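Topology and contacts: notes
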Amino acid sequence: MVDLAPQLVGVFGSNLERLYANRMVLDYHGVRLDEWLELSRGSVTHPDDSERVKATRDRALASGTACEVELRLRKYDGSYRWFLARYNPVRDDSGQITRWYIGCTDIEDRKQAEDRLRQEKRRSA
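Below is a short write-up of the structure.

How each quantity is defined
Residues numbered from 1 in each chain as written. Predicted model: local features only at pLDDT ≥ 70, side-chain atom pairs only at ≥ 80, totals over all residues. Heavy atoms only, no water. Helix = DSSP H or I, 4+ residues; strand = E, 2+ residues; numbered from the N terminus. Buried < 20%, exposed > 50% of the residue type's maximum accessible area, 1.4 Å probe, protein only. Contact = heavy atoms within 4.5 Å. Pairing = 2+ DSSP bridges. Axes fitted to C-alpha atoms, helices over the stretch in contact; angles between N-to-C directions. Salt bridge = Lys/Arg side-chain N within 4 Å of Asp/Glu carboxyl O.

Our focus in this paragraph is the side chain of Thr-56. Mapped onto the fold, Thr-56 is located in helix 3 (residues 50-63). The exposure class of Thr-56 is buried, given its relative accessible area of 6%. With near-sequence residues (within four places) excluded, Thr-56 lies in contact with Cys-67, Glu-68 and Val-69.

Structure below.
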């Protein structure tokens, strides 16, 4: 089912160790699943977003609650696009987190529209 989602979806363990990525993730980054499993944390995140994403991830792990963050992810061709990443914990019957599902929705068009609007406001001010 996860491979049918139109978003980039990664399945992670309780400490955010990589377990699975859907076809969209693999195609976007231009890697096979075994390669994706070996990528280091933050290796595909834009350097300017790294600290903010790390802080969000650390808060999610500490609190065990869902969260979201906007970030740029590097595509296989070296370009970056904006995504909204949503971290969702899955718990077992005793309430322990067993998995994290992280879904990333492409928001590049929205970010470009926001930038154009900001530029227009500056010009008219």
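The structure having been displayed, the exposition proceeds.
Turning to the sheet that holds strand 4 (residues 80-91), a few remarks are in order. Spatially, 5 strands are ordered 2-1-5-4-3 in an open sheet, and the strand pairing comes out antiparallel. What marks the edges here is a single partner per strand, and that holds for strand 2 (18-21) and strand 3 (67-74). Taken pair by pair, the neighbouring strands of this sheet meet at an average axis angle of 25°, ignoring direction. Across 6 bridges, the pairing between strand 1 (residues 8-13) and strand 5 (residues 97-106) is antiparallel. Following the sheet pairing, Gly-10 is matched in strand 5 by Ile-102. Its contacts with the sheet put helix 3 on strand 3, strand 4 and strand 5, and the angle it makes with strand 3 is roughly 145°.

If a strand is regular, its side chains alternate between the two faces of the sheet. Sheet analysis places strand 3 next to strand 4, joined by 8 bridges and oriented antiparallel. Bridge pairing in strand 4 places Leu-73 opposite Arg-81. In this structure, strand 4 lies alongside strand 5, joined through 9 bridges in antiparallel fashion. Considered in strand 5, the bridge of Leu-84 is made with Thr-105. Here strand 4 folds back onto strand 5 in antiparallel fashion, the turn holding 5 residues, of which Gly-95 has a positive phi close to 90°.

This part covers the pattern of salt bridges. A side chain with one charge may pair with a side chain of the opposite charge, provided their charged atoms come close. A complete count under the given rule lists 13 salt bridges for this structure. For Asp-49, the salt bridge is made with Arg-52, and the minimal N-O distance between the two is 2.9 Å. The class for Arg-52 is partly exposed, based on a relative accessible area of 37%. Asp-49 is paired through a salt bridge with Arg-72; the nearest N and O atoms lie 2.7 Å apart. With Asp-49 in the loop between helix 2 (33-38) and helix 3 and Arg-72 in strand 3, the pair connects residues that are 23 residues apart, well separated along the chain. You can call Asp-49 buried: its relative accessible area is 2%.

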